[in-house]
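As a plain string of letters, each chain reads:
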Amino acid sequence: MKYYDKLIFELSRPGRTGFSLPASERKMPREGVLWRSEPPRLPEVSEPDVVRHYTNLSQMNFGVDTGFYPLGSCTMKYNPKINEEIASMPEFTCQHPLQPEQSVRGSRAAIDELDRALAAITGMKHFTFRPCAGAHGELTGLMLMKEYHLGRGDLARTKVIVPDSAHGTNPASAACCGYETVVVKSKADGLVDVADLKPLLGPDIAGIMMTNPNTLGLFEKDIKEIAELVHGCGGLLYYDGANMNPLLGVVRPGDMGFDILHLNLHKTFSTPHGGGGPGSGPVGVSERVLPYLNVPHVSGFHGNFTVMLRALAYILMLGRENIRMVGKLATLNANYVKESLKDCYKLPVSSVCKHEFVFDGLLEPNGTTTLDVAKRLLDYGFHAPTIYFPLLFHQAIMIEPTETESPETLDAFIEVMRKIAAEAKADPGLLHSAPRTTPIGRPDETRAARQPVLKYEA
Ligand SMILES: *Cc1c(COP(=O)(O)O)cnc(C)c1O
């Protein structure tokens, strides 16, 4: 263990300080409710200790700015730094939420401009920007679906259809909204089975939630027929647009027949995410749902405004022509990696993918698992892909390279993935004992999630 791997509390020495402030001239009252009975237990360290503490902590982390991050379904693309510059302009950050409307006209104009841009990109009429994440957007969208049916006096629609390949938030959001979820199966080619869908449709169906391309990275080719069928029974189509990346400038959910959608600005429109930072999940609606748009006020004011500014900066920087390249390059990169590795990793669905694809573990695992492969990747300086999701495959490895990676980076990743496949064959113990180079090896992930230790107890 290196000296500065110690906790900052362990570096503490009584009386050591990292600052010197002039003595306060104000006489503080010694009594009263706001006065601490004892001083706070803070580490007492010097300025260099503080600087080293935070710098070392930052180096124990991994982000898009440190290396390749092919986390499927999460679109960890590079976030241009100009977004940060614009989002931190004092003209925006110094506004108060309760400021009079006419004094923030510029910010309102930015929101309206983003609304128009996203409407043009998705084929929707208008957006609400209040939802602060993708799942929050799903809830908002389903509340709109409910309002739509209730507003028409249609009280019998209690079920929402969700494909078996859906993101886990879809059935969860439907349940939160009081809907019963009905699962529609996928065929062997990974697409929604229209024959399985038909008998599910009826006067009790509020709508269907779909992702297109779906969680396997495959474009649902039957979407037009599905839209006709669902609309035919009086239901609505909800589009989970968290992974809109491959469609940017190429196809529009509105043209496919979707009525309500959410986007993840923090995935597709380049806001740094992961680790639970602020997000934005704006919800767009088609003409028929538009009258209900302002009903669910699910968060205060205008949502996470600086995330919206980043999205607007990103869209304007790319422009109409270049935004089309985002989807195309994301798709090209995913297919390149898939084709380069399919002789080492099991590819359950072999058709052309969009922005991401799924392997089902190594072709010759030799006693190793997908977890072992993911852990070994860390030793080579790459973030692991999404693993054990989607649940359709037992050893799922879900890879999304994104459009911002160079061919050289992709080649380096491919080389390492091939090397790991060879290691599994020659010396599986190497994989079982990985990672060897990270500050923490293999924590008990269930306990870390269920019983996190978040504070220092002496
Ligand atoms: C990420 C994701 C979500 C959830 O978005 P959050 O912002 O994490 O709430 C929903 N659906 C899909 C397909 C996603 O990839």
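It should be emphasised that the depicted structure is a prediction, and the values quoted were computed from it without experimental measurement.

What counts, and at which threshold
Residues numbered from 1 in each chain as written. Predicted model: local features only at pLDDT ≥ 70, side-chain atom pairs only at ≥ 80, totals over all residues. Heavy atoms only, no water. Pairing = 2+ DSSP bridges. Helix = DSSP H or I, 4+ residues; strand = E, 2+ residues; numbered from the N terminus. Axes fitted to C-alpha atoms, helices over the stretch in contact; angles between N-to-C directions. Contact = heavy atoms within 4.5 Å. Parallel < 35°, antiparallel > 145°, perpendicular 65-115°, else oblique. Left-handed = near helix turned anticlockwise from the far one by under 90°. Nonpolar A, V, L, I, M, F, W, Y, C, P; charged D, E, K, R; others polar. UniProt positions renumbered as here; feature names shortened; annotations may be inferred. Near = heavy atom within 4 Å. Polar contact = N/O pair within 3.5 Å; in protein donor to acceptor, adjacent residues only side chain to side chain. Areas by Shrake-Rupley, 256 points an atom, 1.4 Å probe, with all protein chains shown as cover. Buried < 20%, exposed > 50% of the residue type's maximum accessible area, 1.4 Å probe, protein only.

J.: Just give me the short version of the sheet that holds strand 7 (residues 283–285), but keep the residues and values in it.
T.: An order of 1-7-6-5-4-2-3 is seen for the seven strands of this open sheet, with the pairing classed as mixed. In this open sheet, the two edge strands, each paired with only one partner strand, are strand 1 (126–128) and strand 3 (180–184). Between one strand axis and the next, the sheet turns by 25° as a mean value, whatever way the strands run. Here five bridges tie strand 2 (residues 159–163) to strand 3, and the two strands are oriented parallel to one another. By the bridge assignment for strand 3, Pro-163 is matched with Val-184. Here helix 7 (residues 169–176) sits on the sheet in contact with strand 2, strand 3, strand 4 (205–210) and strand 5 (236–241), set at roughly 175° to strand 2. On top of the sheet, helix 9 (residues 223–232) reaches strand 4 and strand 5; it is set at about 135° to strand 5, its chief contact.

J.: An account of the packing of helix 13 (residues 370–379) against helix 14 (residues 407–426) is needed here, citing residue identities and associated values.
T.: At a minimum axis distance of 10 Å, the contact between helix 13 and helix 14 shows a crossing angle of 125°. In terms of orientation, helix 13 and helix 14 fall into the oblique class. Like other packed secondary-structure pairs, helix 13 and helix 14 cross with a definite hand, here right-handed. Across the interface between the two elements, Val-373, Arg-376 and Leu-377 of helix 13 pack against Phe-413, Val-416, Met-417, Ile-420 and Glu-423 of helix 14. Of the residues that constitute the contact of helix 13 with helix 14, the class distribution is six nonpolar, no polar and two charged.

J.: So what's going on with the UniProt feature "domain: Glycine dehydrogenase C-terminal" (unreviewed entry) in the chain? Which residues, and what values?
T.: In this numbering, the UniProt entry assigns the feature "domain: Glycine dehydrogenase C-terminal" (unreviewed entry) to residues 328–425. End C-alpha atoms of residues 328–425 are separated by 35 Å, and the span's content is 44% helix alongside 10% strand.

J.: Please provide a residue-by-residue account of the UniProt feature "domain: Aminotransferase class V" (unreviewed entry) in the chain, values included.
T.: According to UniProt, the "domain: Aminotransferase class V" (unreviewed entry) feature falls on residues 160–274. The span residues 160–274 is 26% helical and 22% strand by assignment, and the distance between its end C-alpha atoms comes to 29 Å.

J.: I'd like a rundown of the site of the ligand, residues and numbers included.
T.: Contacts to the ligand come from 13 residues, most closely from Ser-73, Gly-134, Asp-240, His-266 and Lys-267. Interatomic distance of 2.6 Å between a side-chain N/O atom of Asp-240 and a nitrogen atom of the ligand. Taking Asn-264, its side chain carries an N or O atom lying 3.1 Å from an oxygen atom of the ligand. Relative to its unbound accessible area of 380 Å², the ligand is 84% covered by the protein chains.

J.: With reference to specific residues and values, describe the side chain of Thr-75.
T.: By the element assignment, Thr-75 lies in the loop between helix 2 (47–59) and helix 3 (81–87). In this structure Thr-75 comes out as buried when scored by relative accessible area, which is 0%. Of the polar contacts made by the side chain of Thr-75, one reaches the side chain of Glu-400; its length is 2.7 Å. Beyond its immediate chain neighbours, meaning those up to four positions away, Thr-75 contacts Asn-243, Asn-245, Lys-267, His-273, Glu-400 and Thr-402.

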